[in-house]
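Fold and contact review
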Amino acid sequence: MTVTARHPGLTFLALGTLTGLTAALAGAAPTPPASAWNARTLGTATYVILDPRIEGNPNILNPEQRAGILGAMQRDSGSAIKRRYPGATVAADSGTPGAIRVTPVLVAPGALVPWAKLNARLDFDLPGGERVSLNETFGLLTLWQYQAEAANYVYGELAKRLP
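Attention in this report is confined to the structure presented alongside it.

Reading guide: rules and limits
Residues numbered from 1 in each chain as written. Predicted model: local features only at pLDDT ≥ 70, side-chain atom pairs only at ≥ 80, totals over all residues. Heavy atoms only, no water. Buried < 20%, exposed > 50% of the residue type's maximum accessible area, 1.4 Å probe, protein only. Helix = DSSP H or I, 4+ residues; strand = E, 2+ residues; numbered from the N terminus. Contact = heavy atoms within 4.5 Å. Phe/Tyr/Trp six-rings, centres within 6.5 Å; stacked < 30°, edge-to-face > 60°. Pairing = 2+ DSSP bridges.

**Focus on helix H5 (residues 150-159)**
For H5, the buried fraction is high: 8 of the 10 residues fall into the buried class. Regarding H5, the residues found buried are Ala-150, Ala-151, Val-154, Tyr-155, Gly-156, Glu-157, Leu-158 and Ala-159. The secondary structure elements touched by the buried residues of H5 are helix H3 (63-84), strand E4 (100-108), strand E5 (117-125), strand E6 (131-139) and helix H4 (140-146).

Structure, rendered in C-alpha cells:
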C-alpha cells in the first residue's frame, strides 16, 4: 500500500510527534530546567560585583588612571544593574549564597587615538553554573564626551540589553 502525503508539513509534524513519543517511552533524558536568564528571575536576584578587569593594553593608562577607572567600573556596573532592575539587590559580600556574580571588563585598545574602539563586557556567572556575557564596542571619542560619567554610560548601555 502506498501513502501519498497531501500535506507534507502535517506529515512532518506527525513524524516528529511519534519520534518524540518513542523517545519518551524509551526513557529519554529529561529536559534540563529553564535558564535563570529571564527578566523575572534577574529582576529580583542578588548580584555581587566582583573585581573589575582591564584587558588588552592596560599600559595606555598610568596607575592612578587605572585605579580610578577600575573603581568607576565596580560602582557604575552595580548601579546600572540596580537601575535596570529596581527590585534587585547588589550585595558586597562575594560569598553571598545564590548570588549572580558579575565581572565588569574593559578591553583597552592598543593606543589612545581618536578612532580607537574600546570593548566593554559584563560577565554574569549564574548560580546554576551558566555564564552569560554581554559586550558592546564603544568609540573613544564617544566616551570622551561623557568624561567622568563614561563608565556609567557604558554599563548603562549594557544593562539595557538585559532581558
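**Examining the packing of aromatic side chains**
Evaluated as defined, the whole model comprises 3 aromatic pairs. When the ring of Phe-138 is compared with that of Tyr-153, the centres are 5.7 Å apart and the planes differ by 70°; the resulting orientation is edge-to-face. Here Phe-138 is found in strand E6, whereas its partner Tyr-153 is found in helix H5, with 15 residues between them in sequence. Look at Tyr-146 and Tyr-153: their rings are 4.0 Å apart centre to centre, the planes differ by 10°, and that puts the pair in the stacked class. An aromatic cluster is defined as three or more aromatic residues linked by ring pairs; in this entry it consists of Phe-138, Tyr-146 and Tyr-153.

**Quick notes on unusual backbone geometry**
Although it is not a glycine, Gln-147 sits at a positive phi angle of roughly 50°. Positionally, Gln-147 belongs in the loop between H4 and H5.

**Some thoughts on the pairing of E4**
Of all the 9 residues making up E4, 7 are buried; the element is thus mostly covered by neighbouring parts of the structure. Direction of pairing for strand E1 (residues 46-49) relative to E4: parallel, over a ladder of 3 bridges. If you follow Ile-49 over to E4, its bridge partner there is Val-102. Both strand E2 (residues 53-56) and E4 contribute to a ladder of 4 bridges, which runs parallel. Bridge assignment links Ile-54 to a residue of E4, and that residue is Leu-106. As paired strands, E4 and E5 are joined by 7 bridges and run antiparallel to one another. Its bridge partner being in E5, Val-107 is matched across the sheet by Asn-119.

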